[in-house]
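Commentary on secondary and tertiary structure
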Amino acid sequence: MHIPDGILPASLCIAGYGATGAATWYSLRQINRDRNPQAQIPKASLLTAAFFVASWIHIPVPPVSVHLVLNGLLGTVLGYYAFPAILIGLFFQAIMFGHGGLTTLGVNAIMMGIPALIAYQIFQMRHWFKTRSGNITLSLFAFLAGAVGLGLAAAIFFVLIITTIPGELDVNTERNAIYGLMLAHLPLMLIEGAFTAMLVLFLNRVKPELIGD
């Protein structure tokens, strides 16, 4: 779900870099409000590495295959650290694997990073609901955060690609291919939501401070 070089117009790529700069500044500002921001760096580094390699894990959804993104997971566990973590992961994916591109790095960061921050806010909503079975609430909001994070990124990808199909291509064929790819991400939303919920429940059992307050 990375947008490669040469697809988007230059103006949109420049706007993507501007928006990424603003989102990075905002995220770092929120991070610096922590009493000890450096304490979260090992956790952020570990999940950045997980995000980095996730694009190699392909799941066949005939007639296409999709790969894990994990942006919702990063948002759920890392909070505001998620945006810079995703930006760093995307940069190394572009230069080492050719996933995405450098001209579209800003757009890709917004496409995956903003939904990650929204996923974090969704996960924080669990505090609004006090139930006897805390694990049910925890797993439900973790699932929603993981699924919505991926779903929003896929929706942004869909809008960007469907509205910028180059004129020299067969528009109908390209649109059908994009529609098929988007439908394939529906089961991936369930997979990422379930994976996020399982990981959060595990962390809550063995080291609850890793998932924050």
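A few points on the structure. (Residues numbered from 1 in each chain as written. Predicted model: local features only at pLDDT ≥ 70, side-chain atom pairs only at ≥ 80, totals over all residues. Heavy atoms only, no water.)

**Re a nonpolar patch on the surface**
- Taken together, the side chains of Y17, I88, F91, F92, I95, M96 and L102 present a nonpolar region at the surface, about 660 Å² in accessible area.
- Ranked by residues supplied to the nonpolar patch, first place goes to helix α4 (residues 82-97) with five residues.
- Summarising the element assignment, F91 is placed in helix α4. (Patch = residues over 30% accessible without salt bridge, like charges linked within 9 Å, V, L, I, M, F, W, Y side chains within 5 Å. Areas by Shrake-Rupley, 256 points an atom, 1.4 Å probe, with all protein chains shown as cover. Salt bridge = Lys/Arg side-chain N within 4 Å of Asp/Glu carboxyl O. Helix = DSSP H or I, 4+ residues; strand = E, 2+ residues; numbered from the N terminus.)

**Description of the pattern of salt bridges**
- What the rule picks out here adds up to one salt bridge.
- Across the pair K207 and E209 runs a salt bridge, and its minimum N-O distance is 3.1 Å.
- When its relative accessible area of 39% is taken as the criterion, K207 is described as partly exposed. (Buried < 20%, exposed > 50% of the residue type's maximum accessible area, 1.4 Å probe, protein only.)

**Concerning the packing of helix α3 (residues 71-78) against helix α5 (residues 105-124)**
- With their axes 7 Å apart at the nearest point, α3 and α5 run at an angle of 50° to one another. On the basis of the axis angle, α3 is oblique to α5. The element α3 and its partner α5 pack so that their crossing is right-handed. Residues N71, G72, G75 and T76 of α3 lie in contact with α5, whose contacting residues are M112, P115, A116, A119, Y120 and F123.
- Classifying every residue of the contact of α3 with α5 gives six nonpolar, four polar and no charged. (Axes fitted to C-alpha atoms, helices over the stretch in contact; angles between N-to-C directions. Parallel < 35°, antiparallel > 145°, perpendicular 65-115°, else oblique. Left-handed = near helix turned anticlockwise from the far one by under 90°. Contact = heavy atoms within 4.5 Å. Nonpolar A, V, L, I, M, F, W, Y, C, P; charged D, E, K, R; others polar.)

**Points about the environment of I114**
- Turning to its location among the elements, I114 is positioned in helix α5.
- On the basis of relative accessible area, I114 is assigned to the partly exposed category, the value being 30%.
- As a C-alpha pair, I114 and G72 span 42 residues in sequence and 9.8 Å in three-dimensional space.
- Beyond its immediate sequence surroundings of up to four residues, I114 is in contact with A23, F83 and A109.

**Side note on helix α1 (residues 10-31)**
- Helix length check: α1 (22 residues) gives 31 Å between terminal C-alpha atoms against 32 Å at 1.5 Å per residue, within 8%.
- Looking only at α1, the buried set comprises C13, G16, T20, A23, T24, S27, Q30 and I31. All buried residues of α1 fall inside an arc of 125° around its axis, so they share one side. Among the exposed residues of α1, those oriented more than 90 degrees off its buried face are S11, I14 and W25.
- Elements in contact with the buried residues of α1: α4 and α5. (Expected span 1.5 Å × (residues − 1). Arc of directions from axis to C-beta.)

**Details of the side chain of T76**
- Here T76 shows up in helix α3.
- Using a relative accessible area of 2% as the deciding quantity, one classes T76 as buried.
- Apart from the residues within four sequence positions on either side, T76 is in contact with A119, Y120, F123, A145, G146, T196 and V200.

**Let's talk about the side chain of Q93**
- Within the secondary structure, Q93 sits in helix α4.
- Residue classification places Q93 among the buried residues on the basis of a relative accessible area of 1%.
- Non-local contacts of Q93, meaning those with residues more than four positions away in its chain, are made with H2, F51, F52, S55, G98 and H99.

**Considerations on the environment of V69**
- Assignment of secondary structure puts V69 in the loop between β2 (64-67) and α3.
- Exposure remark for V69: the relative accessible area of 2% places this residue in the buried category.
- Not counting residues within four places of it along the chain, the set of residues in contact with V69 comprises M1, F51, A54, M112, L150 and E192.

Purely geometric stuff here, so don't read any function into it on its own.
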